[in-house]
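Geometric and topological summary
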Amino acid sequence: MAVTKKEIADYLGISRTAVSLVLNNTPNSTISEETRANIIRAARELGYREAEVSPKICYILYNRDTEDPLYATDLKLVEKAASRHDYRLLYMMIGANAKDYKRLESCLGNKEIEGVLITGDVDDRVLDILEQSGVPYVVFSSLEKPSVNSVEPDVVRIAMECTNHLIELGHRNIALLSGGLDQLVHQRTLEGYKNALKDAGIPYDRSLVQVSKEENGYELCQRMELLDIPYTAAFCVNTLIQFGALQRLKDRGVQVPQEISLISWGMTDVVKMSMPPLTTYYIDVKEKGIVVDRLIELIKDGGGERKTIYLTNIKLFEGGTTSVCR
């Protein structure tokens, strides 16, 4: 006869709700890591089948705004890919602070999680915690560390494609609206933007590169107006900046794309919800599943030599924010 969650709760002398939260992998539950570990252990001891046949991997968003639509979209893709491998997915939001570091160490230490995917502004501190835990992990973000297993978009190539798309439409005064250049992903985006201009024989103009650590496209577009910087198109480093820039141009009565074209990269919910829909390059959904495939490889056989895998299969979503330069 199958063991029930109620029997596990009675065995431990805790509430059935707590058992359900843990075995159902309810996100953001307040169950302590000690209680969680006890429930998993008891479930296995008593023969609760779901605990046995559903190994878990953890998707960690590190030191980033939880409202960023990019990560919500990636979470759905990763969850679907994990399911294909018969893995359950846990989700954690970790900040760059002592309290969250301790929470992560505790979670990794209870041996419930078989592998970790981490994305966001990954730094040495959180990598040290992952290394010390011994849990296999893959970084899903731009990272310049050959000793770490990572999967990341070929940002330089993507930036070149976005800029070239505008150049092919006849644009020459092309702005780059970027996040903070202290981040590697934005440094590589700038490199790709500059390469595309150079290949087209267009001089690089520093004034056309505007930066916002908050990635506020509305403010960046406003800054271009206040500084009286002429441009006919803008390459935005993500759809969040692109959408904000679009709203500012609308507020000013500037027609998009008739007067100014906007392009970015990434596929988020805002792309198709926007009016007009955003024009953007994006990584093919199937290729993004490689990040989960790589982690499963590490879990099962160690994956061999540590390496970086670049995602190169990009596609253009033809929205309504680019047109021929007039």
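Whatever comes next refers back to the structure up there.
Values in this document were obtained by computation on a predicted structure and should not be read as measured data.

1. Remarks on the packing of helix 2 (residues 16-23) against helix 3 (residues 33-46)
Where helix 2 contacts helix 3, the axes come no closer than 10 Å and their chain directions differ by 85°. Between helix 2 and helix 3, the angle falls in the class roughly perpendicular. Here Ala 18, Val 19, Val 22 and Leu 23 of helix 2 come into contact with helix 3, specifically with Arg 36, Ile 39, Ile 40 and Ala 43. Counted by class, the contact of helix 2 with helix 3 contains seven nonpolar, no polar and one charged residues.

2. What about the packing of aromatic side chains?
Here the structure, examined in full by the defined rule, presents two aromatic pairs. Taking 6.5 Å as the distance between ring centres and 75° as the angle between the ring planes, the aromatic pair formed by Tyr 193 and Tyr 204 counts as edge-to-face. Placement of Tyr 193 in helix 9 (residues 184-199) and of Tyr 204 in the loop between helix 9 and strand 7 (209-211) is noted, with a sequence separation of eleven residues between them. Note on Tyr 193: relative accessible area 1%, which makes it buried. Against the face of Tyr 101 rests Arg 125, its NZ or CZ located 4.8 Å from the ring centre. One cation-aromatic arrangement involves Lys 194 over Tyr 204; the distance from NZ or CZ to the ring centre is 4.8 Å.

3. Remarks on the pairing of strand 3 (residues 113-120)
In terms of burial, strand 3 is a largely internal element, seven of the eight residues being buried. Bridge analysis of strand 1 (residues 56-62) against strand 3 gives seven bridges, and the strand direction is parallel. Paired with Ile 60 across the two strands is Ile 118, which belongs to strand 3. Both strand 3 and strand 4 (residues 137-139) contribute to a ladder of three bridges, which runs parallel. Note that in strand 4 the partner of Leu 117 across the bridge is Val 138. Between strand 3 and its parallel partner strand 4, the chain crosses via helix 7 (residues 124-133), and the hand of that crossover is right-handed.

4. Section: the packing of helix 1 (residues 5-12) against helix 2
Where helix 1 contacts helix 2, the two axes come as close as 8 Å, and the packing angle between them is 120°. As far as their axial angle goes, helix 2 and helix 1 are oblique. Our pair here, helix 1 against helix 2, has a crossing hand that is right-handed. Here Lys 5, Lys 6, Ile 8 and Ala 9 of helix 1 lie close against helix 2, whose contacting residues are Arg 16, Val 19, Ser 20 and Leu 23. Looking at side-chain class alone, the contact of helix 1 with helix 2 contains four nonpolar, one polar and three charged residues.

5. So, the nonpolar core
One finds Leu 177, Tyr 193, Tyr 231, Phe 235, Leu 262 and Val 292 to be the most contacted residues of the largest nonpolar core, which totals 61 residues. Ranked by residues supplied to this core, first place goes to helix 8 (residues 155-168) with six residues. By size, the runner-up hydrophobic cluster in this structure holds 23 residues, among which are Leu 90, Ile 113, Ile 118 and Val 139.

Cut-offs applied
Residues numbered from 1 in each chain as written. Predicted model: local features only at pLDDT ≥ 70, side-chain atom pairs only at ≥ 80, totals over all residues. Heavy atoms only, no water. Axes fitted to C-alpha atoms, helices over the stretch in contact; angles between N-to-C directions. Helix = DSSP H or I, 4+ residues; strand = E, 2+ residues; numbered from the N terminus. Parallel < 35°, antiparallel > 145°, perpendicular 65-115°, else oblique. Contact = heavy atoms within 4.5 Å. Nonpolar A, V, L, I, M, F, W, Y, C, P; charged D, E, K, R; others polar. Phe/Tyr/Trp six-rings, centres within 6.5 Å; stacked < 30°, edge-to-face > 60°. Buried < 20%, exposed > 50% of the residue type's maximum accessible area, 1.4 Å probe, protein only. Lys NZ or Arg CZ within 6 Å of the ring centre and 35° of its normal. Pairing = 2+ DSSP bridges. Right-handed = clockwise from strand over helix to strand, strands pointing away. Left-handed = near helix turned anticlockwise from the far one by under 90°. Core = buried A, V, L, I, M, F, W, Y, C linked by side-chain atoms within 4.5 Å.

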